Amino acid sequence: MVKSDPDTIMEATAAAHFSGLHFDDEYPVPKYKGADKVPFVIGVAGGTASGKTTVCDMIIQQLHDHRVVLVNQDSFYRGLKPEEMANVGEYNFDHPDAFDTEQLLECLGSLKANQPVQIPVYDFKKHQRCNDRYRKVNASDVIIMEGILVFHDARVRELMNMKIFVDTDADVRLARRIKRDTLERGRDVNGVIEQYAKFVKPAFDDFILPTKKYADVILPRGGDNHVAIDLIVQHIRMKLGQHDLRKIYPNVFVIQSTFQIRGMHTLIRDQETTKHDFVFYADRLIRLIVEHGLGHLPFTEKQVITPTGSIYVGVDFCKQLCGVSIIRSGESMENALRACCKGIKIGKILIHREGDDGKQLIYEKLPINIADRHVLLMDPILGTGNSAVQAIELLIRKGVPESHIIFLNLISAPEGIHTVCKRFPLLKIVTSEIDAGLNDEFRVVPGMGEFGDRYFGTDDDGPDQMFKAPIEPKLQQSIHRP
Ligand SMILES: Nc1ncnc2c1ncn2[C@@H]1O[C@H](COP(=O)(O)OP(=O)(O)O)[C@@H](O)[C@H]1O
Ligand SMILES: Nc1ccn([C@@H]2O[C@H](COP(=O)(O)O)[C@@H](O)[C@H]2O)c(=O)n1
Ligand SMILES: [Mg+2]
């Protein structure tokens, strides 16, 4: 089993391809509204080193938080037998028979039927599958299947809803292949060139190029073709009926996704993550969101003289500012705000959940002159949007202009964004990821569970919880210490 401690995950996200795959641990498949619809399968073919994997990573990154998995045809390479291994220079890895297409078909069929699958892990250096190592791939809305020969077998093609052929010049591909195979696949330059002339190029002409005719989209220049990739992403979104909420509501700002940010999200969403790591990575993400939120405040130009005697034309921070946290999860964001804005005043609002959906405002303590300030409203999770609406209405009643409110959160459900943005089109929402939706219990999915419980350590069912006060200590502290 592969180690999945936080450091390993963060290291892996620094460079790894974005596969959406899990190693072989048993994870429950998340259930969300609409999870039963048939997945949309995209095939991506093209010659070696044309940029297939790169293009898939770009598509996944642009689709952002939608449910997408990548399956590589490489995973289905057959392991070499000892006699083939002894003469590996004579083995044709570019012939269709080099792959176990029956196994690939079985996996793709299962994914299409919304069943999770175990996919082999292949080692290009050893020309073998890694024994006992599988990656679990959960069924998803979008399945991307990429590889040199994914259009070769008619049965595989028929499972695809959209076919893309990455068309990159042969000389560019050869140059990239030499570089990649010597750096990443343990080959030497002569070996790569020999293999290319003997097997790779002829197989391209005989088996790969003839499949270009099956493509719905021919993508010249691979990952450099930003316009075409953007069009493909828009098309997938349209097919899925998933609209980019940032385009519908220009007041929604999602911080730029990077592998570091995805890595932090992976950790805080993982139910196995310890409280200590949860707090550490949640704090890192919160800090980024707060910094981003501050970037939306108005500024005035300011010129200063630098130690070299030159003029630097800069800006001055907005001074009329305060924070308001929605108790109790929102309190987890206060430290980050204090660390960024020295001496900032922070108010609190407590909203009580009544049943599943109803909300009632039961406590407020707001900074003086709040009507004259810009307000950073803080709550890590935007779910139904009902608490947010209560809090925002209170701020507006207190005289804060709607356009002076910036609502900061870690994850937002589309339902919450619709509710808040329709009602308050002038405020801004700054978030780090938009999730799939709400489940039947109005919880965000995939989500990260009860943020407050995980952050403040009150999700432990241990013996000390038996004596829990009616209002938890942290909450009491909040009420008495505004
Ligand atoms: N547009 C590009 N510009 C520069 N290098 C690229 C580009 N696209 C891919 N590469 C590099 O070329 C190599 C092959 O790309 P990859 O996406 O792995 O191709 P494929 O999956 O088609 O074999 C990789 O090392 C990758 O980093
Ligand atoms: N043991 C192996 C297996 C495959 N190859 C080469 O990989 C190419 C396919 O991967 P791309 O990422 O380039 O699409 C294919 O051209 C095989 O020649 C290998 O060298 N060794
Ligand atoms: Mg590849």
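The rules we used
- Per chain, residue numbering runs from 1 following the sequence as it is written.
- Here the convention is simple: chains get letters from A, ligands get numbers from 1, in the order in which they are written.
- Only residues with pLDDT of at least 70 are given local features in this predicted model, and only at 80 or more are side-chain atom pairs given and counted; all residues enter the totals for whole chains, interfaces and linings.
- Based on all heavy atoms of the structure, the side-chain values leave hydrogens and waters out of the count.
- pLDDT runs from 0 to 100 and stands for how confident the predictor is about each residue.
- Residue contacts are defined here by distance: any two heavy atoms, one from each residue, within 4.5 Å place the two residues in contact.
- Salt bridge, as used here: a side-chain nitrogen of Lys or Arg that lies within 4 Å of a carboxyl oxygen of Asp or Glu.
- Numbering of helices and strands runs from the N terminus; a helix is a DSSP stretch of H or I covering at least four residues, while a strand is a stretch of E covering at least two.
- Think of it this way: DSSP has to see at least two bridges between two strands before they count as a pair.
- Lines fitted to C-alpha atoms define the axes, with helix axes restricted to the stretch in contact, and inter-axis angles between N-to-C directions lie between 0 and 180 degrees.
- Expected span of a helix: the number of residues minus one, times 1.5 Å.
- Burial classification: accessible surface area is computed with a 1.4 Å probe over protein chains only, and a residue below 20% of its type maximum counts as buried, one above 50% as exposed, and the rest as partly exposed.
- Throughout this description, the term nonpolar core refers to a set of buried Ala, Val, Leu, Ile, Met, Phe, Trp, Tyr and Cys residues connected via side-chain atoms within 4.5 Å.

Going by what an unreviewed UniProt entry lists, the protein chain is known as Uridine kinase and is assigned to Physcomitrium patens.

Student: In this structure, what is going on with the confidence of the model for the protein chain? I would like to understand it.
Tutor: Note that predicted coordinates carrying low pLDDT should not be read in detail. With 85% of its residues at a pLDDT of 70 or more, the protein chain shows a mean pLDDT of 86. Segment residues 9-35: pLDDT under 50, and 64 contacts once partners within four positions in sequence are set aside and those in other chains are kept. As scored by the predictor, the complex reaches a pTM of 0.59 and an ipTM of 0.98.

Student: I keep staring at the pattern of salt bridges and nothing clicks. Help me out?
Tutor: Note that side chains of opposite charge can pair when their charged atoms are close. Applying the stated criterion to the full structure yields 20 salt bridges. A salt bridge links Arg-262 to Glu-433; the shortest N-O distance between them is 3.6 Å. With Arg-262 in helix H10 (residues 259-269) and Glu-433 in strand S20 (residues 433-434), the pair connects residues that are 171 residues apart, well separated along the chain. Residues participating in the shared-partner salt-bridge network are Arg-262, Arg-269, Glu-433 and Asp-435.

Student: Help me understand the sheet that holds strand S2 (residues 40-46), please; the structure alone is not making it clear to me.
Tutor: Pairing between the strands of a sheet is mediated by backbone hydrogen bonds and can be parallel or antiparallel. Ordered in space as S3-S6-S2-S7-S8, the 5 strands form an open sheet in which the pairing is parallel. A single partner strand is all that each edge strand has here, and the edge strands are strand S3 (68-72) and strand S8 (217-220). The mean angle between the axes of side-by-side strands here comes to 20 degrees, regardless of whether they run parallel or antiparallel. For S3 and strand S6 (residues 142-146), the ladder comprises 5 bridges, and the chain directions are parallel. In the sheet register, Val-69 faces S6, and the bridge partner there is Ile-143.

Student: Please explain helix H2 (residues 52-63) as it appears in this structure.
Tutor: Structurally, the α-helix is built with 3.6 residues per turn, so residues lying three or four positions apart point the same way. Its 12 residues give H2 an end-to-end C-alpha distance of 17 Å, which sits within 8% of 16 Å, the value for a rise of 1.5 Å per residue. Every buried residue of H2 is listed here: Lys-52, Val-55, Cys-56, Asp-57, Met-58, Ile-59, Ile-60 and Leu-63. For H2, the elements touching its buried residues are S2, S3, S6, strand S7 (162-167), S8 and helix H8 (226-240).

Student: Would you explain the nonpolar core in this entry?
Tutor: The tendency in soluble globular proteins is for nonpolar side chains to be buried as a group. By size, the foremost hydrophobic cluster in this structure holds 37 residues, and its most contacted members are Ile-268, Leu-294, Leu-337, Leu-408, Leu-410 and Phe-451. Elements supplying a minimum of two residues to this core: H10, helix H11 (275-294), helix H12 (334-340), strand S15 (374-378), strand S17 (405-408) and helix H15 (451-456). It is H11 that contributes the most residues to this core, 9 residues altogether. Apart from residues lying up to four places away in sequence, Leu-294 is in contact with Leu-321, Leu-337, Cys-340, Cys-341 and Leu-376.

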